[in-house]
Structure formats: structure tokens, C-alpha cells
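# Architecture and fold: a report
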Amino acid sequence: MVEGKKNSLKFVEIQESVLPEDEWLIGISNLKYFSGVGYSMPSAVRFDGNLLRQDGLLTGGIITADLLQSSNIDDSIELTQNEIGKDDRLFSGTYKHKEDTLLASGTTANEGPSIDNVDQEFLITSMATNDESKNLYAFIPGIFYCSSQQTSVDAVLIEVTQKKRFGMTLSSFRPEDVRPLDLTRGMTLDENGYGKSVQLTVDTLGSFHAESFLKDSGISPDDVEYCREIELGSRLSQLFTLPVLKQAYAASSFIQTRLMKLLDDIEFFGLLPRRRIYVRNEKHPYGTVVETEYRGFENILNLGTQSGISCPGEIDIELQLKTLTFSKMLGASTETDIEGAIMDLLHLITIELEGKTSKDEVLDKFTMRLSS
Amino acid sequence: MRELENVARTMVGNLHQSYLYRVLTEWYEQDTIQIREDLGIGSYSETVTNPADLYEKVRKHILTKAFQDDETIEFLMNIPQWVGFRVDVDSIDTGEQAIQAARQSALALIWVMLIPRVIIDHIVLPEDFENQGVDIIVESFLQSDESRKQLDTIMSLELDRRGVGTGFFNISDIVMGYEIDDMMKIERLRVLFVLIIMKATELPFDLDSVFPLDEAALINETEAYIITMHAQKALNNGIKGNSSNRPFAWPLVGTARVFAGIINTLHVMKKYSARMSTCSLFSNTIEGQTQPWTESEFILFMLNEIADYYTELLRSRFGKGKNEELNVFIDFLKGEDIEITSRVMETSDKSGSLHEELSECKRRARIGEKPQISPERRFKVVISTLKQSLEDAQSSEISSEEIVDQIATLFDAISDLIRKYQDSLGSEVDKFTEELCFETSFRILDLLGLGVYLGDLPWITRFIAEESTMIDISSGAITELRNSQRIKRIISAFAGAVSFLVLQMR
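Just so you know, these numbers come straight off a predicted model, no measurement behind them.

### Some words on the overall build of chain A
Counting secondary structure elements, chain A contains 12 helices and 16 strands. Taking all 372 residues of chain A together, 49% fall into the buried category. At a minimum sequence separation of 6, the contacts of chain A that also span at least 24 residues come to 66%. Total accessible area computed for chain A in this model is approximately 18300 Å², and 54% of it derives from carbon and sulfur atoms.

The following block contains the structure:
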């Protein structure tokens, strides 16, 4: 397990767009863990212990990720010519019931209906082999609260894709959009409209409103020559320098709303794994929350042998994610996978909070230290 | 010798036009007692505890009265130190000595700032600039102590002849109260003069690349700066005109004769600006190679100067957007400047065809034709205008209002651009808008030397967007966040954030 420096855990915000109604993630993470954001290339297909044969019986299988996008969902799966003999594993399930039971024990209980036999494993291997997607994923482990799904997750994964449109490169992810929310002090406006620095507490969060700037200035909207945002920017610039604006930002009501949701969530659910991660990729351009299982973690309890992340509901996401590895920068520099990083981060957060998960205590933990 | 006397006569004859000369005469009428009173310095005989401080204080006092903008004053205060001179504390014992030395040195410095401007008579045509003896004066400045002494003598004689009095002109005193290693003195003193003259021309220069030049190159370079400055002034005057004749006072669009004069001026500018190796203003750098501007680039430059003149006119005389015809005319001129230039370059009678082109623009504006400028082109025009004025901002004062004005125009141009592509962008339009705004913001910040604040741009933008929405909601202006407004809201949020960053840093 990794023991990080105490102060490297921070509130972190991840912004997708500048508009208030769009997704916004806020959470606790350690950006030093990957020295910023973890980037990964899928390594070659990794073989779990029980996936022995890679030369699957199926070739030319269709990646399910594409299925939803393609209209011809009824396309038949192309089978290679194979003599059906005694050793044909595709039909083994039919004939060899013993193998079935053996393999069923290798997976933990899934919710909902699931088919669990050796042939599915071959199918999956085959799909994975053909999954040539080499996209980069940006990965930020830590407890995050997602604004549009209104739930908390164990990590954020964003597929980095780039498209050229009219000479502009559209990137699905910008490193500038992930930033530590260095909360030190907040700010409130006194009766004269001057900013006053205050200690951030649960009560003083959200104490700043820019509204009064335009109201008190005595100008009517007709007088505003430029668009209101420019007017706002120039008025703020007359009163605040950049560091002071950051205090105002920290004390703004929208940070308060989001931060309180995160703090509520931590207070209520504690620091156990959420068994959910936020994934944004080509299939889910607006992001989705995926249910996950951490097999390494569960197996401590049920003595299984498998490890790595699994997504029972989204088999193709699981296929993409389980091949990802990341180089971690904290502690001994080694490769880690999604599950490992999530467990490391949860451990770090648990140590840091020392079991205190009330709103005030968590907020204190991540602000007091910086100001003192 | 004879020639030097002639040039000296011209310069002295032109002095009355200069504001700096009036400042100088005031100082010569005042003695050190006045300076003491101004600065609240006490008795005469006291030995000063810190002569260097007093020396600098007096210098600053005199320079502040002569020059208005802080940047120039700061440059002039520091330039002796940058070149390698130090205040000579050993030679200054009393306060009186410090004040005397500082006064002499500051006044000589004002003279050096003044000389380049009066060296050419304002009635001389640009094509005759090279025969006005600029090189002779520059040589006298830069060659040696003897040549400077000679210049002092001749100027004093000439001033005396006009009844001003002797002992008035002493540029040799410029380093009075300063010391430097004798080994370096000749060279560094030369560089000091060169840099002050370059500053006087208000053309940007690269300080570091001045030092390695030898004497001949420095003389050549300095002459080019002075003549380019006068050519540029002649160009501005050619466009602005004088009280009796304003060739570009709307609805006038110049005449073939006016353009003939302007083109002659451009030729002089082209010839001399090409000689300046330490100035980046009239050259392009392509793949590390510096190329002086071609004739067509100068014509393009001139068209933009004329367009700027009309824009100024529109703002001051009619109020922005109040004269639709002129507004459209300016759009034609700015939007089609490249096309106009290339057509003009093909003809043998450039001045005639320039007049024709402007008349044509006026005709089209008058019959209500709208300029067919594609949004991309407009975006490019706006961003290059902004770039130009931000570069000017380094040498002259540009008001915050004007910068914000231009930022607003630029983001307006983005709106047009997006609107054009909205359909083909489909669901990617938001992302495209954000990316374009981000890139554009980066260019603005970078131009202003604020590139390091790019990392702060996303959260400030978000902050502005949130607060603006909040104001709308609490004032009851909106009850829901409309999707149709998304693009506009993204663009204005970025515009607001850039405005904050730019204004806050000023």
C-alpha cells in the first residue's frame, strides 16, 4: 500500500464545459498519485487465469460497442468453418456439465440474469482480441460527486479523443479542466461592497455573490455597452486581483452547492468503495456512471483468485477498462490498474480523515491545513 | 564642417515647434534653488549621506516634468545603469554638487531625445529626407568626445546667434555624475546615445541586439531609425492632413495626388526600415529568416492606417455605429484590403488606382451594398487588428476601454463564425465553440504576455458563467436555461474571463 504525503490529498474539480447546467465533478483525490492525471494506453489483451485460449473459435466478431451505433444490429455473427467434433469447446457446455459448475465458481454473484459458462469466456476473449481501440484514457481516482447523475463514484475515467473540425482540434479532455480546488480562505462582501476574507466553514461557504456588483453600480442594462459577462469581468477586475478572485470563487454559491453534496455523501456513506465509476467515452459522450465490482477486493472475502475491475452491466466497457494500466508516481513507481489505484486512493483518504467523516471535519481537513 | 553648421541652423530653427524645448528653456531659467524648493531640500553645505539617492531624485524630478508616460521615464532613468554606468558617489560631496550634476545630465538627455525630432524640417518632402544631414549629426553624436564637443560648440554658436545664450547645449554632459571603467567608456557611451535616440523615435527595438554592433553599423542603424520615424510621421500627416486640407475627411477619400505623395513616403519608409536590423516592426520572420516588408505589404499597412483613421473619425465625429455608410465603407476597406492591394500592385499607376479603389468602396457603401466578408475572413481581420493594437500598446498607451472594445468585437466575430457552421457541426457545436474560444483567449493572453494565466482561464470562465446565470435567475429574467442560448452564453463567458484577466493585470 502506498503512503502518500499528508497534504497531497485535495478537493479536485473536473469541469466539462463552462456552462452551469453541464456536468461538473467535484471530489477528493491526490493529483500526485499519477503526477496530475493518469494517462493510459491499453496494453495488449491481458489474460485472466481461466482464459486460456486466445485463438478463439469466433473470428470477425462484432464489437458490441459498435452495435448500438450501427443500425444493422441484426447482423449475423460470422462463424469460421469448424468441424464439430468431440473436442469442440463451443458446444462443450452442452455435453460437459461438469465444466460448467467448475467455472461458475470463478465468478462472484452477479445481479440480474447472467449466462455463465466457458463459451461466454471464449466469446469475450475473441471480442477483446478484436477490440483494436487504442484510445487514451485519462484517469483520476478518488471519491467524486457527479452533478448530473447525482451520485458519488470511486473514480473518473475520460477517454481522450481528438477530432479535426474546420481546422480546430476538438479534444474530449483538456488537462486544464482538472484542477485542485485549493481552498484556503473564502470571501464575503461587507455592507460597502468590499470583499472581506473569511475562514471557510460549512456556514461561510457560498457567502459570495457577484450580483451586487451590477446592481449597486447604478447602471441599467441599456447602458451596458458590451455583453453583461464582459461588464462583470471588468467590474470584478477593478476590485479583485486574481488570488482574491479565487477566494471569491471558493466562497461562491455554486461551489457551495456542489461541495455540500460531496460532504453530505461522505458523511452518509462513509469511505467504503461506492462500486461505481464515472466513464465518458465515445459511446457515452455525455458521461455515464457504471456499476463495478472490484474482484481483487471482493476476493479477500470470498477467497477467489481473480482480480481487476469488472462491470457486470456493461461488458464492453469492462473489456476496454480491464486492459488499461497506469504508471503511478507515488511511492514505488509501478504499473497499476484501475482497481489498484482506486483501492490505494480510498486507503489514503481513510488514513487522512482518521475516521472522521462529518461535513465540518472533512471540510476542515482540507482547508485548515493550507491556511495555517 | 560647413554642412554641420547648416544642419545645426535647421535644428535650431525648428526648436520652437518642440514641447521639449520649452521644457528645457524653463529649466535653464531656473537655478538649483528652485529644484531645492520643489523637492524640499534644505541647506546648501550639508554633506549628503546618500548622494546617489539625491542624484536620482533630481533626475527623476526633471524627467517627470518633461515626459508624460511612465514607461519612457522609467527607461530614461535606468538606461545609464543598463549600459553599465554607475552613479559616481566619490565625486559628489555636497548636495549642491549632486543637484548640479543631475540637472546637467538630465538636461543633456532631454536634448538627445529632442534632436532626432527637429533634425528634419517639416516642410521637407520625404524623398529628400536622406539629404538632410541626419548621418552627419548621428556621426557627431556617436564618433568621439571630440566630435561631440564640436557639435556642442556649433550648436551653442547657433543658439547664441538667435539670442538664446551660450552654455546652453552640452550633450557631452549626459553622463555627468556617472562613472564607468575607462576601457568601456567609448563604446558604452556610444550605445547609450544610440538607445536614447531609438527611444526618441518611438519605434520598438531589441535592446540586446544593439550592443554587438560596431560604430559604422550603429551610425547606419541610428540614421535609419530617425528617417523611418520621420517617414512614418509624414505618412500619418499625409493621411490626417492639416487644418486647411483633410484629404480623408469622410466623405472624401483622397485624390490621386494625395496617394502619389503617400506612395513616395512609403518608398522612403521601405528603404530605411529595411536597414534597421534591431527593429521587428517592418519585417516578417518566416522560418527563422527575417524578411523586410515588400512594397505590397507597405501598401497593405497604409490601407489599414487609413481604415484606422476612418474608424477614429467614425468614433469621434459620428459616434460608433451612427454613420452606416462610413461603417460599411470601413468594412469594405478592412475586409478587402488584400484584394485591393493585389489589384493595385498589378497596375502601373498605383496612386491613381488606389484612389479608384477607395472611390469604388465608397460607391458600393453609398448604394447600400453590404460587404461580402465571410465570417472566417472577418475573424482574421479582427484578430489581426487586435494583434496590431496590442503590439502598439507596448510603445504607446492604449486605454483599457479600447482593449475591452476589441475583445468584444473579436468574440462577436466568433459568434458569426459559429452561426455559419452550426448546422454542419451538429452536436459538436458546443465543443467547437469552447475550443475556438479557448484558443482565441490564449492568443489574446499570449499577445499581452499573460500566457501563463491560461490555466486559470477555465475556472474564471466558469465563475463568470455561473454568476451571470445567477443574476439572471434572481432578477427573474429567466426561468430556465435555454438551449438556444448556449452558444452565446459560452462565448460571452469566455469574453468576460479574458476581460477580467487582461484588465486585472494592467
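### Re the overall build of chain B
When helices and strands are counted, chain B shows 21 helices and four strands. Burial analysis of chain B (506 residues in total) assigns 52% to the buried set. For chain B, restricting intrachain contacts to residue pairs at least 6 apart in sequence, the fraction spanning at least 24 positions comes to 76%. Only carbon and sulfur atoms are counted for the fraction: they give 48% of the accessible area of chain B, which is about 23100 Å².

### Notes on the packing of aromatic side chains
Residue and element names in this part refer to chain A. Under the criterion given, the structure shown has 29 aromatic pairs over all chains. For the pair Phe34 and Phe139, a centre-to-centre distance of 5.7 Å together with 50 degrees between the ring planes defines the contact as tilted. In this pair, Phe34 is assigned in the loop between strand E2 (24-30) and strand E3 (38-40) and Phe139 in strand E4 (residues 136-146), connecting sequence segments 105 residues apart. On the accessibility criterion, Phe34 (5% relative accessible area) is buried.

### Describing the interface of chain A and chain B
Taken together, the contacts link 49 residues of chain A with 51 residues of chain B. Between chain A and chain B, the buried area comes to about 4700 Å², and carbon and sulfur atoms account for 65% of it. Joining chain A to chain B, the criterion identifies six salt bridges. Applying the counting rule to chain A against chain B returns 12 residue pairs in polar contact (both at pLDDT 80 or more). When residues in the side of chain A that touches chain B are grouped by element, the largest group, eight residues, is from helix H6 (residues 228-239) of chain A. Looking at the side of chain A that touches chain B residue by residue, the class counts come to 22 nonpolar, 12 polar and 15 charged.

### Quick notes on the confidence of the model for chain A
Fine structural detail should not be taken from predicted coordinates in areas where pLDDT scores are low. All names here are of chain A. Of all residues in chain A, 62% have pLDDT values of 70 or greater, and the mean over the chain is 70. Contacts from residues 1-5, a stretch scored under 50 in pLDDT, to residues over four places away or in other chains number 14 contacts. Confidence drops under a pLDDT of 50 for residues 44-116, and excluding neighbours within four residues, the segment shows 71 contacts in the predicted structure.

### Concerning the nonpolar core
Grouped together as the largest cluster of nonpolar side chains are 125 residues, with contacts concentrated most on Trp111, Phe141, Ile174, Tyr310 and Phe329 of chain B. If one sorts the elements of this core by residue count, helix H6 (residues 95-118) of chain B sits on top with 15 residues. Looking at which domains feed residues into this core, each of domain 1 (2-200) and domain 2 (232-284 + 291-373) of chain B gives three or more. Discounting chain neighbours no more than four positions away, the residues touching Phe141 of chain B are Val112, Ile115, Arg148, Leu151, Ile171, Phe193 and Ile197 of chain B. Within the second largest apolar cluster, 109 residues are counted, among which are Ala155, Phe240 and Ile349 of chain A together with Phe438 of chain B.

### Thoughts on the pattern of salt bridges
In the structure shown here, the tally under the stated rule is 33 salt bridges over all chains. For Glu466 of chain B, the salt bridge is made with Arg258 of chain A, and the minimal N-O distance between the two is 3.2 Å. One end of the pair, Glu466 of chain B, is in helix H20 (residues 457-474); the other, Arg258 of chain A, is in helix H8 (residues 253-269), on a second chain. In this structure Glu466 of chain B comes out as buried when scored by relative accessible area, which is 6%. Between Glu71 of chain B and Lys199 of chain B there is a salt bridge whose closest N-O contact spans 3.0 Å. Residue Glu71 of chain B is located in helix H5 (residues 70-83), and its partner Lys199 of chain B is located in helix H9 (residues 182-200); the two are separated by 128 residues in the primary sequence. For Lys199 of chain B, a relative accessible area of 15% puts it in the buried group. Salt bridges linked by common partners bring Glu21 and Asp22 of chain A together with Asp430, Arg486 and Arg489 of chain B together as one network.

### Quick word on helix H8 (residues 145-161) of chain B
All names here are of chain B. With 17 residues, H8 extends 24 Å between its outermost C-alpha atoms, agreeing within 8% with the 24 Å of an ideal straight helix rising 1.5 Å per residue. Of the positions making up H8, those classed as buried are Ser147, Arg148, Leu151, Asp152, Ile154, Met155, Ser156, Glu158 and Leu159. Just beyond H8, the residue with positive phi is Gly163, at close to 80 degrees.

### As for the environment of Ile136 of chain B
Residue and element names in this part refer to chain B. One can find Ile136 in helix H7 (residues 134-142). Distance from Ile136 to Ile219, taken between C-alpha atoms, is 9.4 Å for residues 83 residues apart in sequence. Sequence-distant contacts of Ile136, that is, excluding residues within four places in its chain, are made with Glu3 and Leu4.

### A few points about the packing of helix H11 (residues 215-240) of chain B against helix H12 (residues 256-273) of chain B
Residue and element names in this part refer to chain B. Direction vectors running N to C along H11 and H12 enclose 160 degrees, while the axes themselves pass 9 Å from each other. Viewed along their axes, H11 and H12 adopt a mutual orientation that is roughly antiparallel. Regarding H11 and H12, the two cross each other, and that crossing is left-handed. Side by side, H11 and H12 meet where Glu223, Ala224, Ile227, Thr228, Ala231, Gln232, Ala234, Leu235, Gly238 and Ile239 of the first sit next to Val258, Ile262, Thr265, Leu266, Val268, Met269, Tyr272 and Ser273 of the second.

### Examining the pairing of strand E11 (residues 276-280) of chain A
All names here are of chain A. Most of E11 is tucked away, with five of its five residues classed as buried. Neither face of E11 is left uncovered, since the one carrying Arg276, Tyr278 and Arg280 and the one carrying Ile277 and Val279 both have all their residues buried. Of the strand pairs in this sheet, strand E5 (residues 151-160) and E11 are connected by three bridges, and their pairing is parallel. Residue pairing across strands places Leu157 opposite Val279, the latter belonging to E11.

### Considerations on a negative patch on the surface
A contiguous patch of negative charge, built from Asp203, Asp360, Glu361 and Asp364 of chain A, is present on the exposed surface. Mapped onto the elements of the fold, Glu361 of chain A is located in helix H12 (residues 359-371).

### Quick look at the packing of helix H3 (residues 32-39) of chain B against H6 of chain B
Residue and element names in this part refer to chain B. Relative to each other, H3 and H6 sit at 100 degrees, their axes nearing to 10 Å. Classified by the angle between their axes, H3 and H6 sit roughly perpendicular to one another. Counted together, Thr32, Ile35 and Arg36 of H3 and Gly95, Glu96, Ile99, Gln100 and Arg103 of H6 form the full contact between these two elements. Looking at the contact of H3 with H6 residue by residue, the class counts come to two nonpolar, three polar and three charged.

### Thoughts on the side chain of Thr336 of chain A
All names here are of chain A. Tracing the sequence through the fold places Thr336 in strand E16 (residues 335-336). Given a relative accessible area of 9%, Thr336 falls into the buried group. A polar contact is formed between the side chain of Thr336 and the backbone nitrogen of Ala341, at a distance of 3.5 Å. Ignoring sequence-local partners within four residues, the contact set of Thr336 consists of Tyr33, Phe34, Leu324, Thr325, Phe326, Lys328 and Ala341.

### Focus: the side chain of Thr25 of chain B
Residues and elements named next belong to chain B. Checked against the element boundaries, Thr25 lands in helix H2 (residues 19-29). With a relative accessible area of 19%, Thr25 lands in the buried category. Within the local environment of Thr25, its side chain forms a polar contact with the backbone oxygen of Arg22, the two atoms lying 2.8 Å apart.

### Notes on the environment of Ser342 of chain B
All names here are of chain B. Following the sequence through the fold, Ser342 ends up in helix H15 (residues 337-346). Ser342 gets classed as partly exposed once you look at its relative accessible area, which sits at 39%. Of note is the side chain of Ser342, whose polar atom sits 3.0 Å from the backbone oxygen of Glu339.

Criteria and cut-off values
- Residues numbered from 1 in each chain as written.
- Chains lettered and ligands numbered in written order.
- Predicted model: local features only at pLDDT ≥ 70, side-chain atom pairs only at ≥ 80, totals over all residues.
- Heavy atoms only, no water.
- Helix = DSSP H or I, 4+ residues; strand = E, 2+ residues; numbered from the N terminus.
- Buried < 20%, exposed > 50% of the residue type's maximum accessible area, 1.4 Å probe, protein only.
- Contact = heavy atoms within 4.5 Å.
- Areas by Shrake-Rupley, 256 points an atom, 1.4 Å probe, with all protein chains shown as cover.
- Phe/Tyr/Trp six-rings, centres within 6.5 Å; stacked < 30°, edge-to-face > 60°.
- Buried area = accessible area lost by both parts, 1.4 Å probe.
- Salt bridge = Lys/Arg side-chain N within 4 Å of Asp/Glu carboxyl O.
- Polar contact = N/O pair within 3.5 Å; in protein donor to acceptor, adjacent residues only side chain to side chain.
- Nonpolar A, V, L, I, M, F, W, Y, C, P; charged D, E, K, R; others polar.
- pLDDT = per-residue confidence, 0-100.
- Core = buried A, V, L, I, M, F, W, Y, C linked by side-chain atoms within 4.5 Å.
- Domains from an automatic or database assignment.
- Expected span 1.5 Å × (residues − 1).
- Axes fitted to C-alpha atoms, helices over the stretch in contact; angles between N-to-C directions.
- Parallel < 35°, antiparallel > 145°, perpendicular 65-115°, else oblique.
- Left-handed = near helix turned anticlockwise from the far one by under 90°.
- Pairing = 2+ DSSP bridges.
- Patch = residues over 30% accessible without salt bridge, like charges linked within 9 Å, V, L, I, M, F, W, Y side chains within 5 Å.
- Lys, Arg positive; Asp, Glu negative; His and termini not counted.
- Charge placed at Lys NZ, Arg CZ, Asp CG, Glu CD.

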